[in-house]
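Observations on the three-dimensional arrangement
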Amino acid sequence: MLTDRISLRQRLDKATGHLETPVAVVDLAAFDDNAERLTARAGGKPIRVASKSVRCRTLLERVLARPGWHGVMAFTLPEAIWLVRSGVTDDVLVAYPTVDRAGLRELTNHPELAAAITLMVDHPSHLDVVDRVTAPGARPAVRLCIDLDASWRPAGPLHIGVRRSPVHSAAQAGALARKIAERDGFRLVGVMCYEAHIAGVGDDPPGQALRGRAIRLMQSRAFPELRARRAAAVRAVREHADLEFVNGGGTGSVSATSADPAVTEVTAGSGLYGPTLFDSYRSWRPTPAAYFALSVVRRPAPRIATVLGGGWIASGTPEASRLPVPWLPEGLRFKADEGAGEVQTPLLGAAAEDLRPGDRVWFRHAKAGELCEHVNELQLVDGETSAPALTYRGEGRAFLG
């Protein structure tokens, strides 16, 4: 509603008016509400928070203190080590295979880290990397999780979903589990299966009705196949290992994935911030909680207001959905031939008439955690006040290089 947007803008402006732009905020009321709603959607299964979607230690600690949330899915081994050393958690699953020799050396030389961190693998060569760093007899057992490919392959070479693991079938999962069981110095404790084509693809893209129907049809066919294949793969792996967890899902599929009997825990992270990519989901849309503000610096025409900066474009396929969205005041849009600029961004629309140099425009980012790569701190807004919290970048942690 328009009145809600006006009230939100006034509150954000008041809470951060003493700060210079660019300024990024997380509204704690919306963040906590999203966390509560995700817990309800998980149906009693624990939620592992995806750190790549949060990238702020204070907010990771905040959500992990809530009932229903347990453990972190990290994106690199150095990040996982830092989270454990910092006391954020004693349960980290690294979402992607690692070849970080320094991180592996630290992991294998410290039993407390080896007990808290689980590495992702999809091929025996990943085990070879660990062995080359520290021999099996000179280290504690390294915890492992098999990455089971969730993509849908309905016929022939047709492949729907992301290209992740080469382990696709139950037979392949069982064969890898057997090879791990035969190797000294490793302990297989988990299976992860991330259905990106379901959890990460909105089924109601704005202004694209035909595409939306096609996506919903695809997902309605792909998910039953995945449930059956995931269950078979878990059975095959359990012939060789006592699994502690089977992880699946993401914000876009928490409810559906948690209903899968083979899954013991789900992952979510983006839903805490509610970025614009989740505006295209029918099943559940989180409340927007994360914003960034830029200042108007000039007025080149009556219905154009230009802000400083603005090119905070999200990763992925280069398309309009990766652009930030001017949110407050309502009724602004990018200039078609300029878009979000590196140094300046002209914004068009009736709302631009009332903007003057020094006024702020609030944007929403397309992807959750990537907002934190642009700022050293987030302002955590509580009502009409704010307090700073360092992002990974602000703590000097460049976990993606």
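A brief report on the enclosed structure follows. (Residues numbered from 1 in each chain as written. Predicted model: local features only at pLDDT ≥ 70, side-chain atom pairs only at ≥ 80, totals over all residues. Heavy atoms only, no water.)

Ranked by internal contacts, the top residues of the largest apolar core, which has 95 residues, are Leu59, Ile117, Leu119, Leu272, Tyr273 and Leu378. Of the residues forming this core, the biggest block, six residues, is contributed by helix 4 (residues 77–85). Membership of the second largest hydrophobic core comes to 11 residues, among which are Leu8, Val23, Tyr291 and Trp362. (Core = buried A, V, L, I, M, F, W, Y, C linked by side-chain atoms within 4.5 Å. Buried < 20%, exposed > 50% of the residue type's maximum accessible area, 1.4 Å probe, protein only. Helix = DSSP H or I, 4+ residues; strand = E, 2+ residues; numbered from the N terminus.)

A word on the pattern of salt bridges. Using the criterion set out here, one finds 31 salt bridges in the structure. Where arginine 66 meets aspartate 32, a salt bridge forms, and the shortest distance between an N and an O atom there is 3.9 Å. With a gap of 34 residues between them, arginine 66 in the loop between helix 3 (57–64) and strand 3 (69–74) and aspartate 32 in helix 2 (residues 28–41) connect regions that are remote in the sequence. Its salt-bridge partner being arginine 85, residue glutamate 106 comes within 3.2 Å of it at the nearest N-O pair. Note that glutamate 106 is positioned in helix 5 (residues 101–108) and arginine 85 in helix 4, a separation of 21 residues in sequence. What makes glutamate 106 partly exposed here is its relative accessible area of 28%. (Salt bridge = Lys/Arg side-chain N within 4 Å of Asp/Glu carboxyl O.)

Let us now look at the side chain of arginine 364. Within the element layout of this structure, arginine 364 appears in strand 15 (residues 360–364). A distance of 3.4 Å separates a polar atom in the side chain of arginine 364 from the backbone oxygen of proline 275. When neighbours within four sequence positions are excluded, arginine 364 is seen to be in contact with Gly274, Pro275, Thr276, Asp279, Pro288, Ala290, Tyr291, Phe292, Pro324, Val325 and Trp327. (Polar contact = N/O pair within 3.5 Å; in protein donor to acceptor, adjacent residues only side chain to side chain. Contact = heavy atoms within 4.5 Å.)

Where helix 8 (residues 170–181) contacts helix 10 (residues 209–238), the axes come no closer than 8 Å and their chain directions differ by 25°. Classed by the angle they form, the pair helix 8 and helix 10 counts as roughly parallel. Of the two possible hands of crossing, helix 8 and helix 10 adopt the one that is right-handed. Each of Ala170, Ala173, Gly174 and Ala177 in helix 8 lies in contact with helix 10, whose residues at this interface are Ala232, Ala233, Ala236 and Val237. Classifying every residue of the contact of helix 8 with helix 10 by side-chain character gives seven nonpolar, one polar and no charged. (Axes fitted to C-alpha atoms, helices over the stretch in contact; angles between N-to-C directions. Parallel < 35°, antiparallel > 145°, perpendicular 65-115°, else oblique. Left-handed = near helix turned anticlockwise from the far one by under 90°. Nonpolar A, V, L, I, M, F, W, Y, C, P; charged D, E, K, R; others polar.)

With that settled, the discussion passes to the environment of aspartate 260. With respect to the helices and strands, the residue aspartate 260 is situated in the loop between helix 11 (254–258) and strand 9 (265–268). Spatially, the C-alpha atoms of aspartate 260 and glycine 248 are 9.2 Å apart, while their sequence positions differ by 12 residues. Beyond its immediate sequence surroundings of up to four residues, aspartate 260 is in contact with Lys45, Arg227 and Arg230. In terms of polar contacts, aspartate 260 uses its side chain to reach the side chain of arginine 230, at 3.0 Å.

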